[in-house]
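Each chain is listed here by its residues.
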Amino acid sequence: MGELTPGQLEAHYRDWPPRSWYATRGRRRILVGVGAGSAGLIWVSAIVCYYLAPSLTAMWTTFALTGAASVIYVVVYSALVGATRGVVGLAERHLDERQSRERQKIQANAHRGTTVTLVVLGVLLLSLAVPKGETVVQIPAAAIVMLVFGVIATHVILPSLMAGWQMSDPPPDDEDDPDDGRDDEDQGEDGRSGRAPGRSGDGQPIDGKTAT
């Protein structure tokens, strides 16, 4: 996905998708689940290729699953751009210091997730490659290609999914101060009474002596 400028991001906010899709943490996490499902479709296509390739069924199933995964993730990504307020999608040079730190943390966590995925995949492939008696397991080339594609897709989309999952709701606006309606003459710029310190309201000193 290409990086956006602030102007493009603002236009994205106004146009699509609707903010109701990502207004709350629960809805954002639903989006993340759908995005993760799009990546899962690619892994499913690798499994289909393992059992059915080479065949027309495997080929068309792979095309259908990959196309569906691409469309679903494009929609989810568009919503996450708005949900994260630029942490996802905005070019790095346009991020403020807080957003930059947040993106770096998300990317670090995503890379750890990719590492775990690679380790699990390596263990799985190793278990399949070890001969079991006289049986030799053959893995179709199409399945290997889809596995590699699945790893790349997971690596690419995981940061945006983690950003949407971790983002918290913005704090509610503070309620208006009930004292804000007081007359300006009763309150100075520093919030204290506008009257002279140490005198009563009629100009008499607090100690009871007559003012000069």
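A brief look at the structure comes next. Fair warning: this is a prediction, and the values are worked out from it, not measured in the lab.

It is worth spelling out the overall build of the protein at this point. Within the protein, the secondary structure is distributed over 5 helices and 0 strands. Taking all 212 residues of the protein together, the buried fraction comes to 30%.

Okay, a nonpolar patch on the surface next. Residues Ile144, Val148, Phe149, Ile152 and Val156 make up a contiguous nonpolar surface patch of roughly 430 Å² in combined accessible area. Here Ile144 shows up in helix α5 (residues 141-166). The class of Ile144 is partly exposed, set by a relative accessible area of 42%.

Next up on the list: α5. Taking 1.5 Å per residue, 26 residues should reach 38 Å; α5 reaches 37 Å between its end C-alpha atoms and fits that length. At Ile157, α5 is deflected by roughly 40 degrees, the largest bend along its length, and proline Pro159 occurs up to four residues later in sequence.

A separate point is the pattern of salt bridges. Scanning all chains against the criterion turns up 2 salt bridges. One salt bridge connects Glu97 with Arg101, and the closest N-O pair in it is separated by 3.1 Å. Note that Glu97 and Arg101 are positioned in helix α4 (residues 97-129) at a spacing of 4 residues, about one turn of the helix. Close ionic contact of Glu102 with Arg98 constitutes a salt bridge, the shortest N to O distance being 2.9 Å.

Take the nonpolar core next. Ranked by size, the top nonpolar core spans 13 residues in total, and within it Tyr73, Tyr77, Leu80, Val88, Ile157 and Leu161 carry the most contacts. Broken down by secondary-structure element, the contributors of at least two residues to this core are α2 (25-52), α3 (56-83) and α5. Looking at which element gives the most residues to this core, the answer is α3, with 5 residues. Formed by 12 residues, the second largest nonpolar core is a distinct cluster that contains Cys49, Ala53, Ala58 and Ala69.

Attention shifts here to α2. Side chains three or four residues apart in an α-helix point the same way, a direct result of the helix having 3.6 residues per turn. Between the first and last C-alpha of α2 there are 40 Å, a value that for 28 residues agrees with the 40 Å anticipated at 1.5 Å per step. At its buried positions, α2 is contacted by α3 and α5.

Now for unusual backbone geometry. The amide bond that connects Ala53 to the next residue, Pro54, takes the cis arrangement and shows omega of -5 degrees. Topologically, Pro54 is positioned in the loop between α2 and α3.

Counted by the stated rule, this structure contains 3 aromatic pairs. Measuring from centroid to centroid gives 5.0 Å for Tyr50 and Tyr51, while their planes differ by 85 degrees, and the two rings are edge-to-face. Geometrically, the ring pair formed by Tyr73 and Tyr77 is tilted, given 5.9 Å between the ring centres and 50 degrees between the ring planes. Taken as a pair, Tyr73 and Tyr77 lie in helix α3 at a separation of 4 residues, close to a single helical turn. The buried category is assigned to Tyr73, whose relative accessible area is 9%.

Turning next to the packing of α2 against α5. Look at α2 against α5: their axes get within 8 Å of each other, and the N-to-C directions meet at 175 degrees. With respect to each other, α2 and α5 are oriented roughly antiparallel. Of the residues belonging to the contact of α2 with α5, the class tally is 18 nonpolar, 7 polar and 3 charged.

Rules of the game
- Residues numbered from 1 in each chain as written.
- Predicted model: local features only at pLDDT ≥ 70, side-chain atom pairs only at ≥ 80, totals over all residues.
- Heavy atoms only, no water.
- Helix = DSSP H or I, 4+ residues; strand = E, 2+ residues; numbered from the N terminus.
- Buried < 20%, exposed > 50% of the residue type's maximum accessible area, 1.4 Å probe, protein only.
- Patch = residues over 30% accessible without salt bridge, like charges linked within 9 Å, V, L, I, M, F, W, Y side chains within 5 Å.
- Areas by Shrake-Rupley, 256 points an atom, 1.4 Å probe, with all protein chains shown as cover.
- Salt bridge = Lys/Arg side-chain N within 4 Å of Asp/Glu carboxyl O.
- Expected span 1.5 Å × (residues − 1).
- Bend = angle between axes of the 7 residues up to and from the residue.
- Core = buried A, V, L, I, M, F, W, Y, C linked by side-chain atoms within 4.5 Å.
- Contact = heavy atoms within 4.5 Å.
- Phe/Tyr/Trp six-rings, centres within 6.5 Å; stacked < 30°, edge-to-face > 60°.
- Axes fitted to C-alpha atoms, helices over the stretch in contact; angles between N-to-C directions.
- Parallel < 35°, antiparallel > 145°, perpendicular 65-115°, else oblique.
- Nonpolar A, V, L, I, M, F, W, Y, C, P; charged D, E, K, R; others polar.

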